[in-house]
Each structure stands twice: as structure tokens, then as C-alpha cells.
Amino acid sequence: MASADKQRAAVLGTGQTHHRSKRPDVSIAGLCREAVDRALADAGLELADIDAVVVGKAPDLFEGVMMPELYLADALGAVGKPLLRVHTAGSVGGATGVVATSLVQAGRHRRVLAVAFEKQSESNAMWALSIMPPFSMPLLAGAGGYFAPHVRAYIRRSGAPTHVGALVAVKDRRNGALNPYAHLRQPDITLESVQASPMLWDPVRYDETCPSSDGACAVVIGDQAAAEASSRPVAWIRATSMRTEPTMFAGKDHVNPRAGADAGKALWAAAGIASPIDEIDVAEIYVPFSWFEPMWLENLGFAEEGKGWQLTEAGETAIGGRIPVNPSGGVLCSNPIGASGLLRFAESAMQVMGTAGEHQVAGAKTALGHAYGGGSQYFSMWVVADTPD
Amino acid sequence: MTVPLNQSLDQPPSPPLSAPLNISFDYTRSLGPVLSQFMTGLAERRILGSRSADGRVYVPPAEYDPVTFAPPAELVQVGPAGTVVTWSWQPEPREGQPLDRPFAWALIRLDGADTAMLHAVDAGAKALMRAGLRVTPRWADAPAGRINDLVCFDPARDDAGDAASAAAAGAAPVPALSDQPVTMITTPILLHYQHTASAEESRYLRALGQGKIVGQRCPSCDKVYVPPRGACPTCGVPTTTDVELPDSGIVTTFCVVNVPFQGQRVPAPYVAASVLLDGADIAFQHLILGCEPDQVRMGMRVRAVWKPPAEWGTTAENISHFEPTGEPDAPYESYAHHL
Amino acid sequence: MPEAAVIAFAEAPNLRRTDGTTNGVEMLVPIFREVFEQTGLTKSDIGFWCSGSSDYLAGRAFSFVSAVDAIGAFPPVMESHVEMDGAFALYEAWVKVLTGEAEIALAYGFGKSSAGDLRRVLALQLDPYVVAPLWPDSVSIAALQARLGLDENLWTKRAMAEVAVRSRAAAVSNARAQPASDELEVEELLSEPYVADPLHAHDCAPITDGAAVVVIAAADRARELCERPAWITGFEHRIDSGSLGARDLTRAPSATAAGVAAGAAAAGATVDVAELHAPFTHQELILRAALGLPDSVRISPSGGALAGNPMFAAGLARIGHAARQVMSGSASRALGHATSGPALQQNLVCVVEAH
């Protein structure tokens, strides 16, 4: 079947919760509905208008509910409809967006609701992530301890000055202060305060790490007819891509993973983008530890290998810079793990729909949403724009 | 029919190693507005249902009902008596179930409800159970605001059930929440597993028990993996050849851990490093001791420090940590491709 | 004109207990090899991989990640995962093929049920606030459903036992099935003790470790790679309410809706074979009614889930067996069904045809 048969798809609306370390005011269903109801309102639609639902979330052990889409069928308005639940580790939010888009592009459905969530406060992420089966080597550190050695390797490889990570933290946390939904909102954070924060896993400091959040995100994706019928701005999905490589293998490049680079190249090719730095107006990139901003800028081809840090250092990734990255505050501000990837996709759509409020990048027409997960293993991303082609 | 084990030619077949894996957590669940009312009601020995916009009364309350998908219009009191709609028998109660003697599971439609709720009926004998049986709730001595406040249901004494329900009749709307609404429940979840190591992993672990480190070579790409994998991750084929490795190598990269990590007996700060053994093609993470953390370098040569042999088991923990050997560092180019 | 077809299928031996790990690699590597041999393909020909599995069978988070070792995912591949039966992974893969982003896709499912206490862990599929804390086990839930139908005279214990006898006899000719026997008698079975009245042991699927893989291809490639592709002419799924007491457990409306949408019983053209994912005998009877299958339809000639129920692979295996009927010329139209959740809450139907 030729690609020319692929239907157009567009984001009709987005919604998210107020992300917090704990949301004691809602049940798991209530958390999801908060995001869903906002997305439907944004799209000018109701649950009855939705043809299919795709749910994404990270390990079931986080909430202690096995296959929660079963319990959530009623809350998500999915009774009598198709419902899928995807799980691709931390990138799952992105995969949710990609699968929902594919359903529309394949001509299966007119309007699909994508929902991703995590209610981490039901347990805690550290416990769930540190369950080691018998015979394993004992875990030495939390998630940051896994990535920190690779950050060190990036610094060594690129020669980046050591304050670059802190610059990312300052930018993202200040951006979060412009985002009413963000978990961490720190308008007064400075380079000095970040560098004075405790060193957790040298070279990664406390203020350079993502929080653990309860939160949800929802995106309504429609076909061309639905997009054209909408009286609100839409974000046309120009292309999506997904790539996987093993978490660990001999010769793996942990700093510039091939799967991420391949996914990026496939995405730009499908979207007809020759030079990302020139043609992408804003990027929502999955940065859970500050140094991943320069690393992913290189991985995605915004900068040559070894030079991503120069964009950060020069202030080009701030709102108003050459390539604003994470104007929403990104994962460094809000990290409901299952939802974080979809938040990147949703925020990129909000930028081209012009609905990002105080963290809007002026004149944004083409945006990137990006997610990764596992041990730099799963990558999913999309390009959205204010016109179909 | 047995699954053939992947065996190295010079070793007699042994069963793979296995060990129990128990996971346990006391999940803390916030209830949200609807379930909070329900659980508060239970703490007050009342059972509430939700009335949806179409008039149907759901018990337990439906936060979002399956027809309109909307939150309920109001909560109403139901029961306390009800009727068994269907039942099954539990001859040997299992962990965590409501009763520890044989009992019936049942779907029970409480008076005033349009749907049935799942619970246990302490019928005493299977012969006493039937669809249509009238039942009344048995409450816990100290209700705390959770579904287990209903210990179970009992077959109703002839008049007790109907009178109680008549008193609560008409599915009346409930008075306002008490002063101290229940907003959270705690649900302990304990699960038991028997974890089995792969055949390759078992050989590696048994070798560790003899003080040796054994990796595995992929027949397709020739790379040596340690610890072993079920299949070579790049080729997808079993890594069948054992390769004994020295217990020395280099640090490719590392971080200094300052946060105390659960179960970690070594006090912070300590170095967690990627250690690439001589002859291996992939690094694994291990602890570096024997020097100050700020003296650890990328490329530093290290050797394993084993625990006393009397303490060895079939586990990677036989190696306590790695320490610097004092030899010259490996040049960056020699390990750059492992980063 | 149908756009994609099943071109290969393999399932691992259905075993009560394997020595393998919960990440499925030992079960998957041999069956990947089988489908590659069947088709002449190699891993680099696969445009999209998708898997189905559950962490709760393994007892740890991200347990599906290690299964990716069985793929040999380097150079990087386009790949995804659902925390559902592999049948839903196949659905996602089929959608990918329809978009044109892949010409050949491979879906797999796996589960080592023997590692944990399956009856207990499935309680966690139920409402986490008002049901799961009572720890009702999966067999007891199914038993409630069984009695409801018995009391309403929708089915009889005899009919349930006949399903068991027929399934296990059919399994004799399936080398990968688990409890196979052509010597079971209805009267003997009915006189056995109950495991959860009204269910006897014969009414329940066994605990199974297993895996399955299905390969699909877009039209032109399918014709090149397979002599008699099983063309997918309908592929639908629906879900019912998560509230056990709020739905009629004697019916499976989501199965009916999926079947109608998939054209399973299109006017004048029913299926020759229906592979039904029914882990309990009465559920087969519910599904036959829900899907409107006349008595002429051969039901689960593989033996079905009663002859082997590898969690997260059993539904995919039903589709694989249905497709095999078409690929082998034994049927011209077949249906593979998969279910998820307690008491047939969610249902998927895949219709395949010869051409």
C-alpha cells in the first residue's frame, strides 16, 4: 500500500492536569478525566464524538493496577469503543501519540483520544524502579545514577564547559513558571542557586533532575474532515517516527544513541525538513536530566556532534532564541512518567495552535515533540505545523 | 516435552538457578470526590450508591457511569440488605480474601440499587447459597473507610433484612459528608514469584560461586557479553560459548553518588562506575572503592576485590567492589567506542 | 481488495512450566526462527515489530524490555509494545502496515504464568478501590459468570463439559498444545470435584508458559512470500464496562460489536472456522452466541485456550491458528478471537480469508 494513501491527521485539542508531587484530590480516573475534559473542551468536542481511545502509561507496578485501561474504560468514555493500552517505558507518552495518529492516518477512525498518565504517589517511583530480581548485580543508585556516567562521557567527548547543565535547569524552571500546569515553577532560580544545590550523582546536581509527579495529558487527534470542520486552530501532524535499540549492547553509544538519531533522520525526511535548526520553530524535547538538552540537540541533528552545548550556552534554546527548547518547562518541571512524552507532543501542538499562553513562542508554525525511554532505548517523535503540508 | 537447555559442551547439564521474588507495597490511593463519599459512608456503616443522570443507581458508586460517562448527579443510601444475583463457591480461601473458611463470592444487588456489587457471603455451607438469597452486611468492629469495612454479608434472618431496608427506603439522598471525610485508602499488595535465571546466567552465576567470571560470546558477531543475556541483543541469537574473563579491566565512565540509596551499605559519597573487563565487549556498573571518589578517572585500571570465599554464593555479590590497580590509565581512544 | 495478510505463524510449546526466564527470550528465539524459515525472511526484512506482555507475570517493571534481545534490534528497528495480549499488538502492527510505513510486520506475545500466582495477580485487573482489595481470584469471577448463565438456562453443565471434551480431543492433533486427550467422557468429568462451584477443573484453562508470533505483509509482498496468504478482511475490537455488576455477564456485547464490525457473520457468508480465546468452557458458549456462529462452524480446532493458555499470547495464537487454517487450505474464511480482562470484558475479532 503506497504512503500516498496515508490520511492526514491533526491535533484538534489538548489538555493536561495540574501536575503535582501528589494529587490527593482525585482518583486515578479523576486524574485522567481532568486532562481528557480539558482536551475535549479545547477541541470543542464531547466523549460521544470520539471513535477510539489509546491509553499510555509506564509500568503498572507504579499504581498497583494491572492493565488499568480495564478499570478506566468507563471514565475514558471507551465503553463500546476500541481501546488500546501502549507501554514503551518512559517514551510511552510519545508512543501513545504516535499510535493514535496511525489510527487516523490508516483511515480506521475519524477522531481518536490519546491519554497518558501516571499517578506516581500511589507508590513511589524509586521503589518500583529498584525492584531487582534475584541474582542481579545490586543496584548502586537511582535512575540518575544510571544516566550520570553518560553525562560525564558527553562532557568528555564534547569538551563542554561544566556549567551548561545548570543553564538548562535555570531556563527550564523559569519557563515552568510561565506554565500554569507545571509541577515545579521557579521564577527566581539562578545559575548560582543551581550550582549550589546538592550534587546527587556527580556531575548531576539536584536542581538538574526531574521531579516525580502525578499527572495526565490528553490529545484529540482527528482526520482532515474533522480538522477542517473545527472552528478552532489545529496542529497538522506532518510526520511521526519511532525507533528502538537494545538498552545495552556491545558498542552502544549511550551519549548519541543510534536509535534516536535514526528516528530523527526518518522524521525529518518524512516531514520534508532539510535543516531542523532553520525550519523548526520550537522543540519540546524529553530532558529529564539537564544535560540531555545538548545531547539530544546533537542526536536530533539540530547541531553537529559535540556542538549542541553551544546553542544552550549562547541562550539560543530560550524562548526568543534561535531554537527554543521546552518553553513549557519540560520534564525538568513536570514528570508524570507515563504522561511526560505525550506532554511534549501536546505542548508542541499548543505552540503551533497558538494556545501556549505565557510560554508561547511568537509566530511558531512548525514544532517538534520528542520522547525517549528505557535506557536510551525507545524513541518516538512527531512534527506538527499550522498547515497540512 | 522439555525445553532443551542451552548448555556449554564441557559442563554437565544442571537445572537453572531460581529463587523467590516477593514484591510488596502498601499503595496509598486518593479517592476523589465520589469514592471519598462512599468510603466515608462505609466508615459510618452506610452503603451509598450513585444516581446517574439517567436515573440508574450504581453500587458501588460509579465515578463515571458506563452509559453517560458523566459523574453522578447525586449519591443515595441503599440497602443495607440485598439479594444475591449470582454466586460461586470458594472452598479454599486464598491470601487476602475476606474470610478464612469456605465462603461464597456473590454479586449482590442491594435494595435500591440497579447494579450488583461483588462481595463475600458467609453462608456456612454451600447448600445454603442460592440466587435470590437475602443477605445483610456484617460490619468490621472499627470501620476505617474502605471496602473491607464490610467484612462480608450474612444470610438475612427472615425479617431483619427487609425491615432494615424499609427503614432506609426510597433510596433517599444522603446527608452531607461528616466532618472528617475519608479521602485515602491504603491497599497492601504482596505478590509472590519464583524467579528463574536463564541457562547462560546460571552458568555465569555458578562460575562466580567458584571465583571465576565467565562471559558469553555471540556466535554471530563474536562480542563477549558479561553478565550474559538470553540472546545477543544485536543479533537475536543465543550466546552459546563461555569465555572465562580476568577480573581486571578499566573504568569507562562513572559518577559519584551522593544520595543514600536504599539497601546500600557503603556510605556516600561513592563511585558507581561502568567497568569493562579485559576481554569483554560491554561494561557493567559496579562500585569503586580503595581511593577517594575524586581520584577516579575515565580509563582507570581496576581489579575486583572478592569477598572471602567462605561467603561466596551463586551471585555477583561475591565481588565486593573494584579497586584501582595503580597501572597507567587506558588511552581514551581505546575505550571511546564503549561510551 | 484486502490490503494485508497473515503469512506466517508459530507458537512455542504450551508447557505447564518452562525453565526459561520471564522475559520470554528462550521461548521467542526458536519461534522467530520458525517464521523466518516459513517465509525466507530475515530480521532486517521486518519493518515493524510489536509485542504484547505484562509486567505482572514477571513481577518487575519493564520486563518486556529484555524480550527485545530476541529481536536483535540493531541496527535500530521500528518497534512498539502493548501491555495486552499479542493480538492487540498484531492490531497495532496491522494499522502500521495500513499507513504504508511498513510492508512486513511481526507481532509477538509471551507469558510465563508459572512464575507467579496467576489466579491471585489477576485480581489487580479489577477496580482498585472497591473490588481488588477483596482479592477475588480470576477463577471465582469466571464462576460467577458461569452460574448466572446456568440459572438462566442459557447453557448447561453438560454443554460446558462437552466443550472441554471436544477441545482436549482436538488438541491431540496440535503438537504444541498442553492437556490433550481423546479419552475424556462428559459423565466422568461432571462427577469430578468442583474447583469453584459451578466450575470443575475441566472448565478452566490450564496455567501455561508460552509465546506466539504472527507475521503480516502488505498485499504485493504477501503474494510473494506466501503461497496462500490469509487476507485480513476485518479486524476490530471493543471493550465493555469495568464494573462487573453493571453489565450483563451472560453476554459479551463487545464481542458482538467487534464481530459485526469485522464482518464475521456478514450476510450469507459466515466463517468455516472460529478460533475462540475462551479460558473457560462457558465463555466459549457465550462467544458462540455473541458472534452469531451457527453450528456448522468448526470451533477452535487447535484445542483453544483450554488446551493451552499462555497469557498474553493465547489470543494472538488464536488468530495464528485461524490464519493457518486458511493458509493450509483447510478453510476459506476463518475468525480469530482474543479477549482481555475479567469475564470477557474486552474482545477482538480478526477475520481472514483465502482468495
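Residues numbered from 1 in each chain as written. Chains lettered and ligands numbered in written order. Predicted model: local features only at pLDDT ≥ 70, side-chain atom pairs only at ≥ 80, totals over all residues.

1. Thoughts on helix 1 (residues 25-39) of chain C
All names here are of chain C.
Phase 1: Taking 1.5 Å per residue as the helical rise, helix 1 with its 15 residues ought to reach 21 Å, and the 21 Å between its terminal C-alpha atoms agrees with that figure.
Phase 2: The complete set of buried residues in helix 1 reads Val25, Glu26, Met27, Leu28, Val29, Ile31, Phe32 and Val35.
Phase 3: Contacts from the buried residues of helix 1 go to strand 1 (4-11), helix 3 (63-67), strand 4 (104-112) and strand 7 (209-218).
Phase 4: Downstream of helix 1 by one or two residues, Gly40 has phi in the positive range, about 75 degrees. (Helix = DSSP H or I, 4+ residues; strand = E, 2+ residues; numbered from the N terminus. Expected span 1.5 Å × (residues − 1). Buried ≥ 20, exposed ≤ 12 C-beta atoms within 10 Å, placed from the backbone. Contact = placed C-beta atoms within 7 Å.)

2. Looking at the sheet that holds strand 4 (residues 74-78) of chain B
Residues and elements named next belong to chain B.
Phase 1: Read from one edge of the open sheet, 3 strands run 3-2-4, paired in antiparallel fashion. Looking along the sheet, the strands with just one partner apiece sit at the ends: strand 3 (57-58) and strand 4.
Phase 2: With 2 bridges joining them, strand 2 (residues 47-51) and strand 3 adopt antiparallel strand pairing. Residue pairing across strands places Ser50 opposite Tyr58, the latter belonging to strand 3.
Phase 3: With respect to the sheet, helix 1 (residues 32-43) is in contact with strand 2 and strand 4, its orientation differing from that of strand 2 by roughly 155 degrees. (Pairing = 2+ DSSP bridges. Axes fitted to C-alpha atoms, helices over the stretch in contact; angles between N-to-C directions.)

3. A look at the packing of helix 3 (residues 92-105) of chain A against helix 4 (residues 86-99) of chain C
Phase 1: Taken N-terminus to C-terminus, the directions of helix 3 of chain A and helix 4 of chain C make an angle of 55 degrees; their axes are 9 Å apart at the nearest point. In terms of their interaxial angle, helix 3 of chain A and helix 4 of chain C are classed as oblique. For the pair helix 3 of chain A and helix 4 of chain C, the crossing hand works out as left-handed. Along the contact surface, helix 3 of chain A presents Val99, Ser102, Leu103 and Gln105 of chain A, while helix 4 of chain C presents Glu92, Val95, Lys96 and Thr99 of chain C. (Parallel < 35°, antiparallel > 145°, perpendicular 65-115°, else oblique. Left-handed = near helix turned anticlockwise from the far one by under 90°.)

4. Here's the deal with the confidence of the model for chain B
Phase 1: Across chain B, the average pLDDT comes to 89, with 90% of residues at 70 or higher.
Phase 2: Note on residues 1-9 of chain B: pLDDT under 50 across the span, and 16 contacts to partners over four residues away in sequence or across chains. (pLDDT = per-residue confidence, 0-100.)

5. Comments concerning the interface of chain A and chain B
Phase 1: Between chain A and chain B, the contact holds 48 residues from the first and 54 residues from the second.
Phase 2: Elements with a minimum of two residues in the side of chain A that touches chain B: helix 1 (28-43), helix 5 (143-158) and strand 5 (199-202) of chain A.
Phase 3: Top element by residues in the side of chain A that touches chain B is helix 5 of chain A. It accounts for 8 residues.
Phase 4: Pairing of strand 5 of chain A with strand 14 (residues 248-257) of chain B, which is carried by 2 bridges, proceeds in the antiparallel orientation. Looking across to strand 14 of chain B, one finds that Asp202 of chain A is bridged to Val256 of chain B.

6. Overview of the pairing of strand 2 (residues 48-52) of chain C
All names here are of chain C.
Phase 1: The element strand 2 is largely enclosed, with a buried count of 5 among its 5 residues.
Phase 2: With burial as the criterion, each face of strand 2 is covered, one bearing Phe48, Cys50 and Gly52 and the other bearing Trp49 and Ser51.
Phase 3: As paired strands, strand 2 and strand 4 are joined by 5 bridges and run parallel to one another. When the sheet's bridge partners are listed, Trp49 is paired in strand 4 with Leu106.
Phase 4: Where strand 2 and strand 3 (residues 79-82) come together, 4 bridges link them in parallel fashion. Bridge pairing links Ser51 to His81 in strand 3.

7. Re the environment of Val302 of chain B
Residue and element names in this part refer to chain B.
Phase 1: Checked against the element boundaries, Val302 lands in strand 17 (residues 301-306).
Phase 2: For Val302, a count of 25 C-beta atoms within 10 Å translates into the label buried.
Phase 3: Through-space distance from the C-alpha of Val302 to that of Gly249 is 5.5 Å; in sequence the pair is 53 residues apart.
Phase 4: Excluding anything up to four places from it in sequence, Val302 contacts Ser248, Gly249, Ile250, Val251, Val275, Ile288, Phe322, Glu323, Pro324 and Thr325.

8. What to know about unusual backbone geometry
All names here are of chain C.
Phase 1: The amide bond that connects Phe74 to the next residue, Pro75, takes the cis arrangement and shows omega of 0 degrees.
Phase 2: Relative to the assigned elements, Pro75 resides in the loop between helix 3 and strand 3.
Phase 3: The linkage connecting Asp197 with the following residue, Pro198, adopts the cis geometry, with an omega of 15 degrees.
Phase 4: Take Pro198: it is sitting in the loop between strand 5 (194-196) and strand 6 (199-200).
Phase 5: Notably, Phe62 is not glycine yet its phi reads approximately 65 degrees, a positive angle.
Phase 6: Looking at the secondary structure, you find Phe62 in the loop between helix 2 (55-58) and helix 3.

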